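Breakdown of the fold
These are the residues of each chain, in order.
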Amino acid sequence: MTRAQSKANDASDRQSYLLNRPRRVPLGYEEYAGDKQFATTLARGIELLRCFSASDTMLSNGELALRTGLPKPTISRLTYTLVVLGYLKLSPKYGKYQLGSALISATYPLMASIGLRQHARGLMNELADETGGDVSMGLRDRLSVVLIETSRSRDRTRVAGAVADIGLALPLAGTAIGRAWLAGCDPPTREAVLNEIRVKTPDDAARFEAAIRQAVKDCARQGFCTVDGDLVGGIQAAGAPYGRIASGELVVFNCAFQKPAPGGARGANWLLKEVGPKLLQMVRTLRESRGV
């Protein structure tokens, strides 16, 4: 048996195991299986919606069952209900589901309530034009930072090339904006999140924990941290914590580039000497203008 055949059989066995073993909650929520306060059906529906991504915009019932670990009959009931409510729509051509426009309406009140987005937009545009990078603002979403505002340089010859847009989720452990969030929170929260990373993404913990600790020190010393291709090869970025907004959420910013950076290949020293200080100055200006 070849290695490829062995891997295919392993994948098939895993699919069979996930689809056939009895489950009450989606994959990743096993610790809540016996919690009577945990609304299992609600969790199932929400986790099903989270299965979609920019690279997987259409998924079948079978694919959703595999990704959540839930039985196909359960998935069928969920997709039917979500279609009725407008959160999913069925593509007749492909027989698969896509996210529905009701999700946009559902998130608008949250986005509209974060006044910092509108206030920061001008400064973010200026920094994007000055550096040629993608400048973004984010909030934590479980083990990721989700972008809630982005700006790109108007000079298209200097565009970073990194795909940054509202709604994009970036891992906490391996990105500048994620490490800036960990640096900006209080130590007990940081340790709790690091423990969650160790349990749920042990490979990330083993690979990045030392770098995360260094990023926390860097933010304490100079106000920002940097990465030079840690998670995604060719991505350079600086990240800086802003602070908490009225809702209590910790906001973070980054300025990211695709290597080679605008003007030729530039390394970690360029991030430290040029990009990081400019990002920090933007954050400080924004804080002062908001009276933070």
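Quick notes on the rules
Residues numbered from 1 in each chain as written. Predicted model: local features only at pLDDT ≥ 70, side-chain atom pairs only at ≥ 80, totals over all residues. Heavy atoms only, no water. Helix = DSSP H or I, 4+ residues; strand = E, 2+ residues; numbered from the N terminus. Expected span 1.5 Å × (residues − 1). Buried < 20%, exposed > 50% of the residue type's maximum accessible area, 1.4 Å probe, protein only. Arc of directions from axis to C-beta. Contact = heavy atoms within 4.5 Å. Patch = residues over 30% accessible without salt bridge, like charges linked within 9 Å, V, L, I, M, F, W, Y side chains within 5 Å. Areas by Shrake-Rupley, 256 points an atom, 1.4 Å probe, with all protein chains shown as cover. Salt bridge = Lys/Arg side-chain N within 4 Å of Asp/Glu carboxyl O. Axes fitted to C-alpha atoms, helices over the stretch in contact; angles between N-to-C directions. Parallel < 35°, antiparallel > 145°, perpendicular 65-115°, else oblique. Nonpolar A, V, L, I, M, F, W, Y, C, P; charged D, E, K, R; others polar. Pairing = 2+ DSSP bridges. pLDDT = per-residue confidence, 0-100. Polar contact = N/O pair within 3.5 Å; in protein donor to acceptor, adjacent residues only side chain to side chain.

1. Comments concerning helix α4 (residues 72–85)
In this model, α4 (14 residues) spans 20 Å end to end at C-alpha, consistent with the 20 Å of a helix rising 1.5 Å per residue. Burial in α4 covers these residues: T74, I75, L78, T79 and L82. Take α4 and look down its axis: the buried residues cluster within an arc of 125°, on one side only. Turned more than 90 degrees off the buried face of α4, the exposed positions are P73, R77, Y80 and V84. Where α4 is buried, its residues contact α2 (40–49), α3 (61–68), β1 (88–91) and β2 (96–99). Where α4 ends, the next residue or the one after it, G86, has phi of about 90°, a positive value.

2. Observations concerning a nonpolar patch on the surface
On the surface, Y80, V84 and L85 cluster together into a nonpolar patch covering about 360 Å² of accessible area. Its place among the elements puts V84 in helix α4. Judged by relative accessible area, which is 57%, V84 ranks as exposed.

3. Some thoughts on unusual backbone geometry
For residues other than glycine, phi is negative in most cases, and the peptide bonds are mostly trans. Look at R142: it is not a glycine, yet its phi comes out positive at around 55°. Given a relative accessible area of 33%, R142 falls into the partly exposed group.

4. A look at the pattern of salt bridges
Using the criterion set out here, one finds 16 salt bridges in the structure. For the salt bridge of D141 with R50, the shortest nitrogen-to-oxygen distance reads 2.9 Å. Residue D141 is found in strand β3 (residues 134–141), and its partner R50 is found in the loop between α2 and α3; the two are separated by 91 residues along the sequence. Salt-bridge contacts for E63 lead to K96; the nearest nitrogen and oxygen are separated by 3.4 Å.

5. What to know about helix α7 (residues 176–184)
The buried count for α7 comes to eight of nine residues, which makes it a mostly enclosed element. Of the residues making up α7, those classed as buried are A176, I177, G178, R179, A180, W181, L182 and A183.

6. Some thoughts on the packing of α2 against α4
Two elements in contact, α2 and α4, have axes whose closest approach is 10 Å; the angle formed by their N-to-C orientations is 75°. It follows from the interaxial angle that α2 and α4 lie roughly perpendicular. In this structure, α2 contributes T41, R44, G45, L48 and L49 to the contact, and α4 contributes T74, I75, L78, T79 and L82. A per-class count over the contact of α2 with α4 returns five nonpolar, four polar and one charged.

7. Some thoughts on the sheet that holds strand β6 (residues 225–228)
Read from one edge of the open sheet, six strands run β5-β4-β3-β8-β7-β6, paired in antiparallel fashion. The strands lining the two open edges of the sheet, one partner per strand, are β5 (169–171) and β6. Neighbouring strand axes in the sheet, compared pairwise and without regard to direction, differ in orientation by 35° on average. Where strand β4 (residues 144–151) and β5 come together, three bridges link them in antiparallel fashion. From the neighbouring strand, V146 faces β5, where its bridge partner is A169. Across the sheet, helix α10 (residues 268–290) touches β3, β6, β7 (235–244) and β8 (250–258), and the angle it forms with β7 is around 25°.

8. Regarding the confidence of the model for the protein chain
Per-residue pLDDT for the protein chain has a mean of 87; in total, 85% of the residues score no lower than 70. Note on residues 1–11: pLDDT under 50 across the span, and two contacts to partners over four residues away in sequence or across chains.

9. So, the environment of N125
In this fold, N125 is placed in helix α6 (residues 115–131). Take N125: its relative accessible area is 33%, and that puts it in the partly exposed class. Separated by 27 residues in the primary sequence, N125 and R152 have C-alpha atoms spaced 6.7 Å apart. Among the polar contacts made by the side chain of N125, one reaches the side chain of S151 at a distance of 2.8 Å.

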